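Structure at a glance
Chain by chain, the residues run as shown.
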Amino acid sequence: ILNVEQSPQSLHVQEGDSTNFTCSFPSSNFYALHWYRWETAKSPEALFVMTLNGDEKKKGRISATLNTKEGYSYLYIKGSQPEDSATYLCASGYNQGGKLIFGQGTELSVKP
Amino acid sequence: EAGVAQSPRYKIIEKRQSVAFWCNPISGHATLYWYQQILGQGPKLLIQFQNNGVVDDSQLPKDRFSAERLKGVDSTLKIQPAKLEDSAVYLCASRLAGGGTDTQYFGPGTRLTVL
């Protein structure tokens, strides 16, 4: 059974703090790693898709890294803002068909 | 470009009742997914369509859940009869046909409460 784990489950930070989350996934037969941001009452929003070992992606203050050999990805947020408050989901894909196995998410709360 | 549309956004029903959810994917997206997200867990794939054919329904509880995608566009997911453990957010997503690195675009979900 493929299992994707995220840590921590929840995180409370002050505005301006930098933070990071971890996504662990089985490395065998790995195909792609996806990160999503899901704000309450909205659609999950795609942040990154990564495939190559050592890949790094950046979008504004958010960046992500990928290690496919050891099976983990980090998501970093620099200078957190209240609008960054959301649940951050990672999902690992294991075939070309696009089936994703999701982690349980990290719930981030940023206080002004 | 319009996103993935879902309705209703919220639904409250009694156990043993029936319920149906509707999804309209992004125009031109051949692949459509239904996910179930139970509180505290990540979304779990229920069924994947490629055009109007089923690609993967291995985790769909077929004794009570059914789904169809007529004409390869809109899709409906039905639960009949509902159980308490079906309380969850039901997410629909779509993707351009192609490799597994393509982004899946999600709708806002339907939050189902079974009493």
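As shown above, the structure is provided for reference.
Read on for a plain summary of the structure. Treat the numbers as computed from the prediction; the structure is a model and nothing was measured.

**A word on the interface of chain A and chain B**
- Chain A puts 22 residues into the contact, and the matching count from chain B is 27 residues.
- Carbon and sulfur atoms supply 57% of the area buried between chain A and chain B, which totals about 1700 Å² over both sides.
- Area buried by chain A at its contact with chain B is led by Trp 38, Lys 99 and Phe 102 of chain A, which between them contribute 29% of it.
- Along the contact surface separating chain A from chain B lie 1 salt bridge.
- With its nearest N and O atoms 3.4 Å apart, the salt bridge here joins Lys 99 of chain A to Asp 56 of chain B.
- Between chain A and chain B we count 5 residue pairs in polar contact (both at pLDDT 80 or more) in total.
- Classifying every residue of the side of chain A that touches chain B by side-chain character gives 11 nonpolar, 9 polar and 2 charged.

**Details of the layout of surface pockets**
- Estimates place the volume of the largest pocket at around 620 Å³.
- What lines the largest pocket is a set of 26 residues, and nearest its centre among them are Trp 38 and Thr 87 of chain A together with Gln 37, Leu 39 and Arg 111 of chain B.
- Sorting the residues of the lining of the largest pocket by element identifies strand 9 (86-93) and strand 11 (106-111) of chain A together with strand 11 (110-114) of chain B as the ones contributing at least two each.
- In the lining of the largest pocket, the residues fall into 9 nonpolar, 12 polar and 5 charged.

**Structural notes on the sheet that holds strand 7 (residues 65-68) of chain B**
Residue and element names in this part refer to chain B.
- The 4 strands are arranged 1-3-8-7 in an open sheet whose pairing can be described as antiparallel. Every interior strand has two partners, whereas the edge strands, strand 1 (5-7) and strand 7, have only one. In this sheet, adjacent strand axes meet at a mean angle of 15° when their direction is disregarded.
- Judged from the 3 bridges that link them, strand 1 and strand 3 (residues 19-24) form a sheet pairing that is antiparallel. Bridged to Ala 5 within strand 3 is Asn 24.

**Focus: the environment of Thr 76 of chain B**
Residues and elements named next belong to chain B.
- Among the secondary structure elements, Thr 76 is positioned in strand 8 (residues 75-79).
- Judged by its relative accessible area of 21%, Thr 76 falls in the partly exposed class.
- Through-space distance from the C-alpha of Thr 76 to that of Leu 112 is 15 Å; in sequence the pair is 36 residues apart.
- When residues no more than four places from it in sequence are discounted, the contact partners of Thr 76 are Phe 21, Trp 22, Trp 34, Ser 66, Ala 67 and Glu 68.

**Thoughts on the side chain of Asn 67 of chain A**
All names here are of chain A.
- Position of Asn 67 relative to the elements: it lies in strand 7 (residues 62-67).
- A distance of 2.8 Å separates a polar side-chain atom of Asn 67 from the backbone nitrogen of Glu 70.
- Those residues within four positions of Asn 67 in sequence are excluded, and the remaining contacts are Phe 25, Asn 53 and Tyr 72.

The rules we used
Residues numbered from 1 in each chain as written. Chains lettered and ligands numbered in written order. Predicted model: local features only at pLDDT ≥ 70, side-chain atom pairs only at ≥ 80, totals over all residues. Heavy atoms only, no water. Contact = heavy atoms within 4.5 Å. Buried area = accessible area lost by both parts, 1.4 Å probe. Salt bridge = Lys/Arg side-chain N within 4 Å of Asp/Glu carboxyl O. Polar contact = N/O pair within 3.5 Å; in protein donor to acceptor, adjacent residues only side chain to side chain. Nonpolar A, V, L, I, M, F, W, Y, C, P; charged D, E, K, R; others polar. 1 Å grid on protein atoms, 1.4 Å probe; cavity = no way out; pocket = protein on both sides within 12 Å on 5 of 7 lines; lining within 4 Å. Points joined across faces, edges and corners; volume = space filled by probe spheres on them. Helix = DSSP H or I, 4+ residues; strand = E, 2+ residues; numbered from the N terminus. Pairing = 2+ DSSP bridges. Axes fitted to C-alpha atoms, helices over the stretch in contact; angles between N-to-C directions. Buried < 20%, exposed > 50% of the residue type's maximum accessible area, 1.4 Å probe, protein only.

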